[in-house]
Amino acid sequence: MVQLVGSLRKELADSLSTCKVLVVGAGGIGCELLKNLVLSGFKNIEVIDLDTIDVSNLNRQFLFQKKHVGKSKAQVAKESSLQFCPSANITAYHDSIMNPDYNVEFFRNFMLVMNALDNRAARNHVNRMCLAADIPLIESGTAGYLGQVTVIKKGMTECYECQPKPTQKTFPGCTIRNTPSEPIHCIVWAKYLFNQLFGEEDADQEVSPDTADPEAAWNPEETAARATASEKDGDIKRVSTKEWAKSTGYDAVKVFNKLFKDDIMYLLTMDKLWKKRKAPTPLDWQQLENSVRPLEETPASGLKDQKVLGVWGYCQMFRQSVETLCSQLQEKGEGAELVWDKDDPPAMDFVTAAANLRMHIFSMNMKSRFDVKSMAGNIIPAIATTNAVIAGLIVLEGLKILSGELESCRTIFLNKCPNLRKKLLVPCILDPPSSNCYVCASKPEVTVKLNVHKTTVLCLQDRILKERFGMVAPDVQIEDGKGTILISSEEGETEANNPKFLSDFGIRNGSRLQSDDFLQDYTLLVNVLHTEELERDVEFEVVGEAPDKAPPPQSNQEEVKSITNGNKDSAQPSTSSKVSAAAEDDDVMIVDSDDEELVSSSSAATAATKRKHPDSEPGETSTKRPRTDQSGANDDDDIIALD
């Protein structure tokens, strides 16, 4: 007769009380997960999270209360969880999981790792650390009403990076700076502007008119005289935006006239831009104050964040936010910088006002603060019950692993609506590792198309190896028979190489670079494919794996529409996720994260045939969507961040 301890077999209950598990993330899913773990009998838990508690967390992260705002999520989650089970041994780390202190040996201390993260970079990193340590990983994510849980085990299942994620969509600089046509273009411009004025300046986030726009094809010397920008309002000078603003004392009216009058009048001199487009209409503060203001004194009804103000209303919001942000900057001292945060009211007001004023100038319908925040913050509303369901599924999969039943683990999808069999939860058999994966294959290898005469060593390090391939501290050696070190993770060793071009080191078409990340215990061989035919503003393209490893074409493919926050010109509050699919019994949606970056995700993906679960009815078929970020059905919106 089976001996039970509570609802568990005694052997399993004993295993729970002795095994050591790591929870990465103490947010929406993490709070529910910690509560489930201690109530299920887990006694040795370590939790890590870099975040602090914000007021906006309190509606769903129930381990936190108002008195905890500003405190470490991991520490407070530990203290609250111990109230459920005081005998549990919980260790909390207020830190980033990507800190080198948490190396492979650290991960080997655990029998199981459970992810409750909200960004791709950290997910990639934990995936690699668990592969290197050969520790089972349970990955999870939610987006509105949708959710997923899957199990990753080295050599047995796909890893998190086996299925390629679409690269995040970026907008050409000339579109953002010269010819915005969608609200998201104006919102991106406004976030760039925040950094240019108050944050860390980035040459790739310039907001002034782009005179190098090939479509303009104009002569600046002949047409500059037609721009009637006044000297006292700043003129159109090629100086740092922040330095110019400082020279005016951050005078909100002068900043306004420079951005929304002078720069726009400068754009109008680029005649060819406006032959097939409606030309922008400059705004002048004094004229607006004299003529528009009396017409807008009646306040709009409704919730504050869902109101769409008039032009003068956004002018006032712009001035107030500039003055507040200037004060914050001064309080921090000389050389200080502000970081844009969607939950910081002055920062959000600034982006809302600046984006809407630019929308008006370029003849677009203006947006409410709620809509702008949804797009600028890359968010959809988080739902507490979704997090609770997913956290429960994580524990159930964990119990299977600790029972030695890895073969019975499943990828489980939580859908918004029941399928034809009236199921909200749909299990799928775990896929085996991909032989083409550039992370978990026996010899990871990729081909990168770039111009060796224009690509710098710094671009290779930051944009390609760190950003695209998720390395933390890469070391790169050229396979030239000499063992030339191109990049070293040791500070100061190869920094002199950063501004040099790859061709300066003899790298050419067909060169091979060995990239090692010793923290992740990960080696990647990069094949260089030289080309001079990349599109404008495109620094490189990942061709994929080596040519002889190209994946076979998938049959029964379908096009997938994804989660969106709104449409091109009338973003709607994201209260639900809209999913359309070709198959009637389309019961599968893999949800991924997209952090922090202020760009859209790619919007289409292909689907491979789904394996039927043993419980499926005879003849029943459906499709499994690839692991991919859910992007907008329209390409204009920044999309989801998972809880």
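No experiment lies behind these values; they were computed from the predicted model shown. (Residues numbered from 1 in each chain as written. Predicted model: local features only at pLDDT ≥ 70, side-chain atom pairs only at ≥ 80, totals over all residues. Heavy atoms only, no water.)

A.B. asks: Is there a simple way to explain the confidence of the model for the protein chain in this structure?
C.D. replies: Low pLDDT marks regions whose predicted coordinates should not be analysed in detail. Across the protein chain, the average pLDDT comes to 79, with 75% of residues at or above 70. Considering only residues more than four positions removed or in separate chains, one finds that residues 294–298, a stretch of pLDDT under 50, has five contacts. Taken as a whole, residues 545–643 scores under 50 in pLDDT and shows 291 contacts with residues more than four places along the chain or in a different chain. (pLDDT = per-residue confidence, 0-100. Contact = heavy atoms within 4.5 Å.)

A.B. asks: Please clarify how the pairing of strand 14 (residues 512–517) should be interpreted in this entry.
C.D. replies: The two faces of the sheet receive side chains in turn, since in a regular strand these alternate between them. Bridge analysis of strand 12 (residues 474–478) against strand 14 gives five bridges, and the strand direction is antiparallel. When the sheet's bridge partners are listed, Ile478 is paired in strand 14 with Leu513. By the bridge criterion, six bridges tie strand 14 to strand 15 (residues 522–530) in an arrangement that is antiparallel. Looking at the pairing, Asp517 lines up with Tyr522 of strand 15. Counting the residues between successive antiparallel strands, the hairpin from strand 14 to strand 15 contains four residues, one of them, Asp521, with a positive phi of roughly 55 degrees. (Pairing = 2+ DSSP bridges. Helix = DSSP H or I, 4+ residues; strand = E, 2+ residues; numbered from the N terminus.)

A.B. asks: I tried to follow a negative patch on the surface on my own but got confused; where do I start?
C.D. replies: Together, Glu200, Glu201, Asp202, Glu243, Glu334 and Glu337 make up a negatively charged patch on the protein surface. The topology assignment puts Asp202 in the loop between helix 7 (183–198) and helix 8 (220–223). (Patch = residues over 30% accessible without salt bridge, like charges linked within 9 Å, V, L, I, M, F, W, Y side chains within 5 Å. Areas by Shrake-Rupley, 256 points an atom, 1.4 Å probe, with all protein chains shown as cover. Salt bridge = Lys/Arg side-chain N within 4 Å of Asp/Glu carboxyl O. Lys, Arg positive; Asp, Glu negative; His and termini not counted. Charge placed at Lys NZ, Arg CZ, Asp CG, Glu CD.)

A.B. asks: What am I meant to see in the nonpolar core here?
C.D. replies: Where a protein is soluble and globular, its nonpolar side chains tend to be buried together. Among the nonpolar cores identified, the biggest contains 58 residues, and Trp189, Phe198, Phe256, Phe260, Phe318, Phe350 and Leu357 are the most heavily contacted of them. For this core, the elements supplying multiple residues, two or more each, are helix 7, helix 9 (241–247), helix 10 (252–268), helix 11 (285–291), helix 12 (311–332), helix 13 (345–361) and helix 14 (369–376). In terms of residue count, the dominant contributor to this core is helix 7 (eleven residues). Every residue in contact with Leu357, bar those within four places of it in the chain, is listed here: Phe256, Phe260, Leu283, Val311, Tyr314, Cys315 and Phe318. In this structure, Val104, Leu460, Leu502 and Val526 belong to the second largest nonpolar core, which totals 50 residues. (Core = buried A, V, L, I, M, F, W, Y, C linked by side-chain atoms within 4.5 Å. Buried < 20%, exposed > 50% of the residue type's maximum accessible area, 1.4 Å probe, protein only.)

A.B. asks: Would you take a moment to explain the pattern of salt bridges for this structure?
C.D. replies: Oppositely charged side chains can form a pair if their charged atoms are brought close together. Overall, the coordinates contain 19 salt bridges when judged by the stated rule. Note that Asp14 is salt-bridged to Lys10, the shortest N-O span being 2.9 Å. Taken as a pair, Asp14 and Lys10 lie in helix 1 (residues 10–18) at a separation of four residues, close to a single helical turn. Classification of Asp14 by relative accessible area gives partly exposed; the value is 36%. The partly exposed category is assigned to Lys10, whose relative accessible area is 31%. Measuring nitrogen to oxygen at the nearest pair gives 3.5 Å for the salt bridge that ties Arg512 to Glu479. Of the two residues, Arg512 is situated in strand 14 and Glu479 in the loop between strand 12 and strand 13 (484–487); the sequence distance between them amounts to 33 residues.

A.B. asks: Whenever I open this one, the packing of aromatic side chains confuses me. Can you help?
C.D. replies: Here a ring pair, both rings aromatic, is described through the centre-centre distance and the interplanar angle of the planes. As enumerated under the stated definition, the model contains 18 aromatic pairs in all. An angle of 70 degrees between the planes, with centres 6.1 Å apart, marks the rings of Phe256 and Phe318 as edge-to-face. Of the two residues, Phe256 is situated in helix 10 and Phe318 in helix 12; the sequence distance between them amounts to 62 residues. Among the residues examined, Phe256 registers a relative accessible area of 0% and is labelled buried. Residue classification places Phe318 among the buried residues on the basis of a relative accessible area of 0%. (Phe/Tyr/Trp six-rings, centres within 6.5 Å; stacked < 30°, edge-to-face > 60°.)

A.B. asks: Which parts of the structure should I look at to understand the sheet that holds strand 5 (residues 89–93)?
C.D. replies: Two pairing modes exist for strands in a sheet, parallel and antiparallel, and in both the strands are linked by backbone hydrogen bonds. With mixed pairing, the eight strands of this open sheet are ordered in space as 5-4-3-6-7-8-9-10. Every interior strand has two partners, whereas the edge strands, strand 5 and strand 10 (425–429), have only one. Here the strands of the sheet are splayed against their neighbours by 15 degrees on average, with no regard to which way each runs. As defined by bridge partners, strand 3 (residues 20–24) adjoins strand 6 (residues 112–115) across four bridges and the pair is classed as parallel. Looking across to strand 6, one finds that Val21 is bridged to Leu112. (Axes fitted to C-alpha atoms, helices over the stretch in contact; angles between N-to-C directions.)

A.B. asks: Looking at this structure, how should I read the environment of Phe84?
C.D. replies: Residue placement: Phe84 occurs in the loop between helix 3 (73–82) and strand 5. Judged by relative accessible area, Phe84 falls into the partly exposed class, the value being 38%. Among residues more than four places away in sequence, those in contact with Phe84 are Lys35, Val38, Leu39, Phe62 and Leu63.

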